[in-house]
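# Structural description and commentary
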Amino acid sequence: MTQPTNALLELKDIAKVFYTDEVETHALSGVHFDIQRGEYISITGPSGCGKSTLLSILGLLDSPTSGSYRLNNVPVEDISAAERARIRNKEIGFIFQAFNLIGDLTVFENVELPLTYRDGVSKAERRDRVQEALERVGMAHRLKHYPSQLSGGQQQRVAVARALVGKPSLLLADEPTGNLDSKNGEAVMALLDELHKSGSTIAMVTHDPRYADFAQRKIFMFDGRVVDEETLHRLRKEEESRLDAQILRARTGT
Ligand SMILES: Nc1ncnc2c1ncn2[C@@H]1O[C@H](COP(=O)(O)OP(=O)(O)OP(=O)(O)O)[C@@H](O)[C@H]1O
Ligand SMILES: [Mg+2]
């Protein structure tokens, strides 16, 4: 019997393997870490190292192939499908890397969606909260637009408003500033900071070291594993030298 801990999320030896057309992709191999309640962590690592896969598992959108994941001291495999849906809808805010806005809903309706899962939020209150969330990301002038009518950065800002409007107790953000200029990027980081100060737990994937500094703790990943910062730098250097050698060979035709 494992002792209860204060960790909100506890991962032990998590692996994720994708099977497609006889190819096995080991997206995560032996990931092990905790996130405490109210903590703000960043996750950094090269493209393809498993960051989005990890966030999907943390957010109960996907299951690990092996290993143990406890959320709030409960093994996630013991949580019923109905309870998982409740947690996803009411407790977790997700900012996806690919935005995942719903194409046939307007900007207003997209941001309103999480609030429609909440009991006791009146239509008028929903309208005010959606308006406020969109004002905070500078998108209140586009309420009736559809996602396809917005630029990439505008879609990202709407996705941020949607994730924050319900004040989730756990926010999972996958490069929330990836498509934004520095002014809008800083505005989004300020919103995350405010959510964190109000007690939410945040896990944010970012490639930008300036934004990683907003977090209280940084997690580094390489090739499906959590590594320390020095190891990441060393492995990155090795990879860069391999790429340099490849480029040189291509240039010299050897
Ligand atoms: N549904 C899937 N089927 C097969 N392989 C997948 C699937 N999803 C992810 N992968 C593979 O798993 C690995 C990790 O992918 P993931 O999207 O987690 O990387 P990432 O760290 O988020 O990268 P990026 O920084 O480019 O977003 C990659 O090699 C990817 O090709
Ligand atoms: Mg990703």
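Everything numeric here is computed off the predicted structure, so don't read it as measured data.

### Digging into the packing of helix α4 (residues 123-136) against helix α5 (residues 152-165)
- It is at 9 Å that the axes of α4 and α5 come closest, and there the two elements cross at 135°. Judged by the inter-axis angle, α4 sits oblique to α5. In terms of crossing hand, the pair formed by α4 and α5 is right-handed. Only Ala161, Leu164 and Val165 of α5 make contact with α4, whose side of the interface consists of Arg129, Val130, Ala133, Leu134 and Arg136.
- Looking at the contact of α4 with α5 residue by residue, the classes come out as six nonpolar, no polar and two charged.

### Details of the sheet that holds strand β4 (residues 66-71)
- Read from one edge to the other, the open sheet built from four strands follows the order β2-β1-β4-β5, with strand pairing classed as antiparallel. Each end of this open sheet is capped by a strand with a single partner; those strands are β2 (23-36) and β5 (74-75).
- Bridge count for strand β1 (residues 7-20) against β4 is five bridges, and the pairing is antiparallel. Residue pairing for β4: Leu9 is matched across the bridge by Leu71.

### Details of the site of ligand 1
- With respect to spatial proximity, the complete set of residues near ligand 1 consists of Phe18, Thr20, Thr25, Ala27, Ser47, Gly48, Cys49, Gly50, Lys51, Ser52, Thr53 and Gln97.
- Elements represented by at least two residues in the shell around ligand 1 include exactly β1, β2 and α1 (51-58).
- At three residues, α1 tops the list of elements feeding residues into the shell around ligand 1.
- Looking at the shell around ligand 1 residue by residue, the classes come out as three nonpolar, eight polar and one charged.

### Points about helix α3 (residues 107-116)
- All buried positions along α3 are accounted for by Val107, Phe108, Asn110, Val111, Glu112 and Pro114.
- Elements that come into contact with the buried residues of α3 comprise α4 and α5.

### Thoughts on the UniProt feature "domain: ABC transporter" (unreviewed entry) in the protein chain
- Under the UniProt annotation, "domain: ABC transporter" (unreviewed entry) lies at residues 9-248.
- End-to-end, the C-alpha atoms of residues 9-248 are 45 Å apart, and along that stretch the chain is 40% helix and 26% strand.

### Re unusual backbone geometry
- With phi around 45°, Lys167 is a residue other than glycine that occupies positive phi space.
- Counting through the fold element by element, Lys167 comes out in the loop between α5 and β7 (170-174).
- For Lys167, a count of 15 C-beta atoms within 10 Å corresponds to the partly exposed category.
- One non-glycine residue with positive phi stands out, namely Asp223, at about 50°.
- Looking at the element boundaries, Asp223 is found in the loop between β9 (217-222) and β10 (225-227).

### Some points on helix α8 (residues 229-252)
- Its 24 residues give α8 an end-to-end C-alpha distance of 35 Å, which sits within 8% of 34 Å, the value for a rise of 1.5 Å per residue.
- α8 sits mainly on the outside: zero of its 24 residues count as buried.
- Residue Gly253 follows α8 closely and has a positive phi angle near 65°.

The rules behind each value
Residues numbered from 1 in each chain as written. Chains lettered and ligands numbered in written order. Predicted model: local features only at pLDDT ≥ 70, side-chain atom pairs only at ≥ 80, totals over all residues. Axes fitted to C-alpha atoms, helices over the stretch in contact; angles between N-to-C directions. Helix = DSSP H or I, 4+ residues; strand = E, 2+ residues; numbered from the N terminus. Parallel < 35°, antiparallel > 145°, perpendicular 65-115°, else oblique. Left-handed = near helix turned anticlockwise from the far one by under 90°. Contact = placed C-beta atoms within 7 Å. Nonpolar A, V, L, I, M, F, W, Y, C, P; charged D, E, K, R; others polar. Pairing = 2+ DSSP bridges. Near = placed C-beta within 6 Å. Buried ≥ 20, exposed ≤ 12 C-beta atoms within 10 Å, placed from the backbone. UniProt positions renumbered as here; feature names shortened; annotations may be inferred. Expected span 1.5 Å × (residues − 1).

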